[in-house]
Protein chains: 2
Amino acid sequence: MIGRVALIGMGMIGGSLAAALRQHKLCEEITAYDVDRKALIKAFDLKLIDNSAVSPCEAVRQADVVVLAVPVGATEEICCSMRDCLPEQAVLTDVGSVKEDVVKAVERGLGFLPSGFVPGHPIAGKELSGIEAASEDLFFGRRVILTPTSETSPESLALIRQMWEGVGAVVEEMAIEYHDEVLAATSHLPHLLAFALVESLAKMGGSEDIFRYAAGGFRDFTRIASSDPTMWRDICLSNRNAILEVLNRFEDDLHQLSQAIAKGDAALLLDTFRHAKQTRDYFCH
Amino acid sequence: MIGRVALIGMGMIGGSLAAALRQHKLCEEITAYDVDRKALIKAFDLKLIDNSAVSPCEAVRQADVVVLAVPVGATEEICCSMRDCLPEQAVLTDVGSVKEDVVKAVERGLGFLPSGFVPGHPIAGKELSGIEAASEDLFFGRRVILTPTSETSPESLALIRQMWEGVGAVVEEMAIEYHDEVLAATSHLPHLLAFALVESLAKMGGSEDIFRYAAGGFRDFTRIASSDPTMWRDICLSNRNAILEVLNRFEDDLHQLSQAIAKGDAALLLDTFRHAKQTRDYFCH
């Protein structure tokens, strides 16, 4: 049982965590801050939180656990503004899709890297965003990756693991850099491709028809292009190097395929599609 | 009510059409041919067909309606082998994802373009393939695009429209070339990107972990990479020009995004993601 939790950010993730902490009776009190007052009012009306705060500073000053659930680009400013209010013994965690940049932002914002900071990432995205999309079972059965820093204390790590396991998640630990590489490939690159495809088609003539005749495959394929733009801008900038590495490789591979089509290289096309199908069927059945 | 239907190809589409024709009592008798004898046996065991044939020629010789449900690359050979058996008054249609190339293949195979030929395309794909994936309600509420040629007779067109409407589909007519352009953008390009992404990640080091940590977004995004490789090789080759046009545009757009990430152009990234999200939310809600 955690005492007081401060949630910074009442979007889909922050709201879902509040709901899940409540449902599983994992803490005594939840205080929340969000830059958007409406999200706080909604969270209060939904009885997801006990108190709202007008600033990150007010939210965290009596907290035992602080959870940052904001677009990663907002991390430094938030940390800066709670610098003088964060209790020394408080455990701090976040939910960002990028870890190296968040660790640096926390260090810059707070002026040091606290032993109570446990970087985290629940892999529980949806294309929806905002408190309206929050649900108490969002994390059930989902993976949460924790990437302790060189400073993270074992006690803090254990507490955050306990919190996520308490809401039904499967917790794993991973090195910061490795997390960012793996996520660049499995999450950041697909999101970029989905955004790029929709944008590319929207610019074509007759795009009304193009979208009208889109089948189920297209809908699924582009679902993640309905994700929050600010969050994804921040991710692209924060995980720039890892994303560019996988993106450049992908561009090369796609261009090879393009050339195979131009040359009518049936064998290469069939081999590529076969191997991709085998791989996908093996991993995602 | 159609009399005798010949189905050439007992894959997911052919099998589903047999089941749907049966369910809606739209014909008296179904005869089927497939290059894979096992698919025919299965269709017979499932009572989807009345008769099996050892060749396309045998299948069609007493048919009122012939439906080609094979990978588009097999069209010419199939038509060639039923050239001397196809009854003069029979109405012929197909289900291929590419239309211009199929029309040419039918003309080459049969030696002329019959007035009874109605090119068609049910937009009812799944990533599954084979008779095992057949279902009688596959076409219910789905669009079927018919692209009559200059030779197609109004009576043949009306009959095929009636058949598809009879199994619950929404039928539209479209010019051949326009169909191929629209489908290149909404279906062929997304499939190519999904195959290319899975293949690109599979070639990276640590691909086991990469796929292991893939979230729901990745699964949805790559679902279509589990589609039938032969069918997609054929589509890429048959609709080469239209595909290359959208693919080349996409490559340019993606490269611009890549450069925006490299330069840290936050404004361009946000604009692109916002516009893509708006477009997608508008068309696919």
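The structure displayed is predicted, hence computed values, not measured ones. (Residues numbered from 1 in each chain as written. Chains lettered and ligands numbered in written order. Predicted model: local features only at pLDDT ≥ 70, side-chain atom pairs only at ≥ 80, totals over all residues. Heavy atoms only, no water.)

(A) Seen up close, the state of the cysteines. Residues and elements named next belong to chain A. On inspection of all chains with the given rule, the structure shows 2 disulfides over all chains. The residue that forms a disulfide with Cys57 is Cys85, at a sulfur-sulfur distance of 1.8 Å. Taking the sign of the torsion about the S-S bond as the criterion, the disulfide between Cys57 and Cys85, at about -90 degrees, is left-handed. Separated by 28 residues along the polypeptide, Cys57 in helix α3 (residues 56-60) and Cys85 in the loop between α4 (75-81) and β5 (91-94) bring together distant segments of the chain. Just so you know, Cys79 is unpaired, no disulfide at all, and the nearest cysteine sulfur is the one on Cys80, 8.5 Å from it. (Disulfide = S-S within 2.5 Å. Helix = DSSP H or I, 4+ residues; strand = E, 2+ residues; numbered from the N terminus.)

(B) Representation of the sheet that holds strand β8 (residues 143-146) of chain A within the structure. Residues and elements named next belong to chain A. Ordered by their spatial adjacency, 3 strands build an open sheet running β7-β8-β9, and the pairing between neighbours is mixed. Two strands bound the open sheet, and with one partner strand each, they are β7 (120-122) and β9 (170-173). Along the sheet, successive strands turn relative to each other by an average axial angle of 20 degrees, direction set aside. By the bridge criterion, 4 bridges tie β8 to β9 in an arrangement that is parallel. Across the sheet, the residue bridging to Leu146 is Glu173, located in β9. (Pairing = 2+ DSSP bridges. Axes fitted to C-alpha atoms, helices over the stretch in contact; angles between N-to-C directions.)

(C) Here's a closer look at the packing of helix α11 (residues 240-263) of chain B against helix α12 (residues 266-283) of chain B. Residue and element names in this part refer to chain B. As a packed pair, α11 and α12 sit with axes 9 Å apart at the nearest point and diverge in direction by 140 degrees. Relative to α12, the element α11 lies oblique. Taking contact as the criterion, the partners of Leu257, Ala260 and Ile261 in α11 are, on α12, Leu268, Leu269, Thr272 and Phe273. Grouping the constituent residues of the contact of α11 with α12 by class yields 6 nonpolar, 1 polar and no charged. (Parallel < 35°, antiparallel > 145°, perpendicular 65-115°, else oblique. Contact = heavy atoms within 4.5 Å. Nonpolar A, V, L, I, M, F, W, Y, C, P; charged D, E, K, R; others polar.)

(D) Expanded view of the pattern of salt bridges. Counted according to the given criterion, the structure contains 24 salt bridges over all chains. A salt bridge links Asp253(B) to Lys203(A); the nearest nitrogen and oxygen atoms lie 2.9 Å apart. Note that Asp253(B) is positioned in helix α11 and Lys203(A) in the loop between α7 (176-202) and α8 (207-212), a pairing that runs across two chains. Looking at Asp253(B), the relative accessible area reads 17%, which means it is buried. With a closest N to O distance of 3.1 Å, Lys277(A) and Asp281(A) form a salt bridge. Separated by 4 residues within a single helix, Lys277(A) and Asp281(A) lie in helix α12 (residues 266-283), roughly one turn from each other. (Salt bridge = Lys/Arg side-chain N within 4 Å of Asp/Glu carboxyl O. Buried < 20%, exposed > 50% of the residue type's maximum accessible area, 1.4 Å probe, protein only.)

Just distances and angles here, no functional claims.
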